[in-house]
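One-letter residues, chain by chain:
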Amino acid sequence: MEKIIAFDMDGTVAETFPVIFDSFRRTVHDYTDKWISNQVILATFGANEVGMLKELIPNYSDEVLASFHENYRRAHLQLRHPFDGIEKLIKELHERDVITPMITGKGEQSLNVSLDSLGLKDAFSPVMSGSPDGSIKAKQFGEVIKQFKLTPEDMAYIGDASTDVVACKQAGIKCYSAAWSINAKPEELEKINPGEIYTSVEQLRETLIND
């Protein structure tokens, strides 16, 4: 087993997409009077919320971001638990002295809301959030490897997107593709990461935890 197994948040640790869609849709409507689709929101993924909101709302301001965070907190009241099996998996990784970072494209504030709401505030270390300019995951993977004085072969990442696979390849680390979200695209993931697609947390756990 790898010495570091990092986790993505959205669609990997929890089914946060409904929370995200609701928050962006309400915020965009408040400032543009338009209702946007899930696909329009998904098209801005990669950047953190600042970058996404700047793309969706022409007259972006700090007020827009504050409104989004308020909507995000409110929407998260409907989501209080991670995917089944996530807490067990993290516990078993910790028992085996595996380091479990959180590396996500989310902004720091919304990430903290999610971790608090899901009861996972102490589950991950280090915790790394995203950039308004797009994905920086490959760079962050390298920083974690350097921090613990390990090699790329010692690290893996669990993420749900094809862009996660690309970032892992750039950093030279293994990617376990999470395909258990309602928005998962297992066929697409299989093309770019063959043989490493997992449709349930338990299926991945059986691969990682060899009792």
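Up top you'll find the structure we're talking about.
Enquirer: Sorry, what's going on with the packing of helix 7 (residues 137-147) against helix 8 (residues 162-171) here?
Expert: The axes of two packed helices give the description: the angle between them and the distance between them. Two elements in contact, helix 7 and helix 8, have axes separated by 8 Å at closest approach and are oriented at 45 degrees. With respect to helix 8, the axis of helix 7 lies oblique. Judged by the twist between their axes, the crossing of helix 7 over helix 8 is right-handed. Facing helix 7, whose interface residues are K137, A138 and F141, helix 8 presents D164, A167, C168, Q170 and A171. Tallied by class, the residues present in the contact of helix 7 with helix 8 amount to 5 nonpolar, 1 polar and 2 charged.

Enquirer: I would appreciate a short explanation of the packing of helix 4 (residues 62-76) against helix 6 (residues 108-118) in the present structure.
Expert: Relative to each other, helix 4 and helix 6 sit at 15 degrees, their axes nearing to 10 Å. The pairing of helix 4 with helix 6 is recorded here as roughly parallel in orientation. Judged by the twist between their axes, the crossing of helix 4 over helix 6 is right-handed. Facing helix 4, whose interface residues are H69, Y72, R73 and H76, helix 6 presents Q109, S110, V113, S114, S117 and L118.

Conventions and cut-offs
Residues numbered from 1 in each chain as written. Predicted model: local features only at pLDDT ≥ 70, side-chain atom pairs only at ≥ 80, totals over all residues. Heavy atoms only, no water. Axes fitted to C-alpha atoms, helices over the stretch in contact; angles between N-to-C directions. Helix = DSSP H or I, 4+ residues; strand = E, 2+ residues; numbered from the N terminus. Parallel < 35°, antiparallel > 145°, perpendicular 65-115°, else oblique. Left-handed = near helix turned anticlockwise from the far one by under 90°. Contact = heavy atoms within 4.5 Å. Nonpolar A, V, L, I, M, F, W, Y, C, P; charged D, E, K, R; others polar.

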